[in-house]
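Below, each chain spelled out in residue letters.
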Amino acid sequence: MSPSLANPHLFRQQCYVAGIWCDADDGTVLTVHNPADGSPLGSVPRLGRAETRRAIDAANAAWPAWRALTAGARARILRKWFELILANQEDLALLMTLEQGKPLAEARGEVAYAASFIEWFAEEGKRIYGDVIPGHQGDKRIVVTKEPIGVCAAITPWNFPLAMITRKAGPALAAGCTMVLKPATQTPYSALALAALAEQAGVPAGVFSVVTGSSAEIGAELTENPIVRKLSFTGSTEVGVKLMAQCAPTIKKLSLELGGNAPFIVFDDADLDAAVEGALASKYRNTGQTCVCANRLLVQDGVYDAFAEKLAAAVAQLKVGNGLEPGVTQGPLIDGRAVDKVEEHIADALAKGARLVAGGKRHALGGSFFEPTILADVTPDMKVAREETFGPLAPLFRFRDEAEAIRMANDTEFGLAAYFFAAGMNRVWRVSAALEYGIVGINTGLISTEVAPFGGMKASGLGREGSKYGIEDYLEIKYLCMGGV
Ligand code: NAD
């Protein structure tokens, strides 16, 4: 059954390769399900290596003409794409809620956030400046230029089915690169709708292709094919490590946005109401399925009980249900495996002495719905301290002083986002400097924006997306040395 969209052309059950809507060579398909009730939404082609190779060849063929356009000419096309995304916000949000489960209001927000990357980078493409460096000899002149890397591959996750794509496609296309995208198997319809709008905006054939199907087969072609000069991946650290190894023989450039284990620190002098509001946004948005989700809430002794009580009161107001229903703030988890992991983390913590403050079990709605949960008296020996839960579980750890909080916060292989709530200016500077994280939210739980560099340290990845730094990742530096001047 097709979703009832104002613009039915946005619901595509074919791939977009070399400017043509197509099926798999062998006609096989994958079924896409609605996580809210498990019902089938439709199918997408199950492409393999041969079709992916064709998409790469088309990206390579399209590249010279695309890079030869002025940045202004590319920006005009991208601007059109941006406007079309916003004009179709309701349809895109509906498709996203149907395939991903997030509440419609959050899906609308993501559509706007996704569009913002296209707009921002369309403009930034005009500001790819080089350098003139004073020569090292009297008759020499040194000029540095920046050029598009070439054909790029992108592999994206299901938790933000649109924004994780535009955060890559925006800078790549603005810089003059071309791109072949493999969206997450669970959420291909948002990506295919985006391709339909790119086509409508006038993005030339081959500049942006979308391939769906076997992750392993498509991933193997995207990483092994020497024409692909760069891979940009957002997903788990486990898959990121594998792709990095696969890219090694052809020395591809890499951007990796991987997993996190974000600490969320509440100091004694924090505004507790603001901290609770921040914790709700950071922990329970997208039902706890964001890479920058607060994974460990570290709360200082003096405010521990008061914070737990206020957080429990706020969590009691959350409404679990189908994301299409008005007032729902917590959609389903993406699938049964995701629910198993949340359950496993809770069981492990309870067995080792944690105390249940709220929730703790599968929701009465069944399927992959889960109760928003809070655990107190959580300690570093529990699984939640080490692993990304990726679900609606807030574990509260206790700390005595600033040094202990920083030690606990940094005690992880990950380094994506960290948050802290505090009042003193000196403490704000000290703690910001001590946290080994690419992003630090200070007295806020919301940190994502197209104008700031997003990315992690340590096992959370390589490179940055968004801001002027985001476009650098799609550029090669060339140095011209002119002699005999
Ligand atoms: P995942 O690693 O399982 O999948 C990500 C993508 O990789 C999907 O498109 C998947 O189909 C593909 N994939 C899986 N195995 C592959 C293989 N062998 N070869 C090629 N492609 C393969 O991650 P997920 O479950 O979709 O997303 C959740 C993870 O993503 C979490 O760890 C989260 O922290 C992370 N994430 C990070 C960021 C960030 O910006 N750092 C943003 C969103 C999500």
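Small disclaimer: the values here were computed from a predicted structure and weren't measured.

Read from one edge to the other, the open sheet built from 3 strands follows the order β5-β6-β22, with strand pairing classed as antiparallel. Two strands bound the open sheet, and with one partner strand each, they are β5 (131-133) and β22 (475-482). This sheet shows a mean twist of 25 degrees between the axes of neighbouring strands, independent of strand direction. Looking at chain direction, strand β6 (residues 141-148) and β22 are connected through 8 bridges and run antiparallel. Each bridged residue has a counterpart across the sheet, and for Lys-146 the counterpart in β22 is Ile-477.

Glancing now at the pairing of strand β15 (residues 373-378). By the criterion of burial, β15 is predominantly enclosed, with 5 of the 6 residues buried. Strand direction decides the pairing type here: β15 and strand β16 (residues 393-399), joined by 4 bridges, are parallel. Residue pairing for β16: Thr-373 is matched across the bridge by Leu-393.

A word on helix α6 (residues 188-201). Counting along an α-helix, one turn takes 3.6 residues, and residues three or four places apart therefore face a common direction. Between its first and last C-alpha atoms α6 spans 20 Å; for 14 residues at 1.5 Å apiece the expected length is 20 Å, and the two agree. When you tally the buried positions in α6, you get 11 out of 14 residues, the bulk of the element. Taken residue by residue, α6 has Pro-188, Tyr-189, Ser-190, Ala-191, Leu-192, Ala-193, Leu-194, Ala-195, Ala-196, Leu-197 and Ala-198 as its buried positions. Of the residues trailing α6, Gly-202 is marked for its positive phi of about 100 degrees.

According to the domain assignment, the chain contains domain 1 (15-258 + 460-479) and domain 2 (263-442). If you average the C-alpha positions of domain 1 and of domain 2, the two centres end up 31 Å apart.

In this section: the environment of Glu-402. Inspection of the secondary structure assignment puts Glu-402 in helix α13 (residues 402-410). Judged by local crowding, Glu-402 falls into the partly exposed class, with 19 C-beta atoms found within 10 Å. It is 10.0 Å that separates the C-alpha atoms of Glu-402 and Asp-268, two residues lying 134 residues apart in sequence. Non-local contacts of Glu-402, meaning those with residues more than four positions away in its chain, are made with Arg-427 and Val-431.

Further remarks concern the site of the ligand. Inspection of the region around the ligand gives 28 residues, with Pro-157, Gly-219, Gly-235, Glu-257 and Cys-291 positioned closest. Looking at the shell around the ligand, the elements with two or more residues in it are α7 (215-224) and α8 (237-247). A class-by-class count of the residues in the shell around the ligand yields 12 nonpolar, 12 polar and 4 charged.

Residues Trp-81, Ile-85 and Met-179 are the most contacted members of the largest nonpolar core, which totals 82 residues. Sort the elements by how many residues they give to this core and helix α4 (residues 104-124) lands first, with 10 residues. Discounting chain neighbours no more than four positions away, the residues touching Met-179 are Ala-59, Cys-152, Ala-154, Ala-169, Ala-172, Leu-173 and Phe-208. Core analysis: the second largest hydrophobic core is formed by 61 residues, Val-292, Ala-394, Phe-421 and Tyr-437 among them.

This part takes up unusual backbone geometry. In this structure, Ile-251 is a non-glycine residue whose phi angle is positive, near 45 degrees. Positive phi values are uncommon outside glycine, yet Ser-467 reaches one of about 70 degrees. Mapped onto the elements, Ser-467 comes out in helix α15 (residues 467-472). Judged by the 19 C-beta atoms lying within 10 Å of it, Ser-467 is partly exposed.

About the thresholds
Residues numbered from 1 in each chain as written. Predicted model: local features only at pLDDT ≥ 70, side-chain atom pairs only at ≥ 80, totals over all residues. Pairing = 2+ DSSP bridges. Helix = DSSP H or I, 4+ residues; strand = E, 2+ residues; numbered from the N terminus. Axes fitted to C-alpha atoms, helices over the stretch in contact; angles between N-to-C directions. Buried ≥ 20, exposed ≤ 12 C-beta atoms within 10 Å, placed from the backbone. Expected span 1.5 Å × (residues − 1). Domains from an automatic or database assignment. Contact = placed C-beta atoms within 7 Å. Near = placed C-beta within 6 Å. Nonpolar A, V, L, I, M, F, W, Y, C, P; charged D, E, K, R; others polar. Core = buried A, V, L, I, M, F, W, Y, C linked by C-beta atoms within 7 Å.

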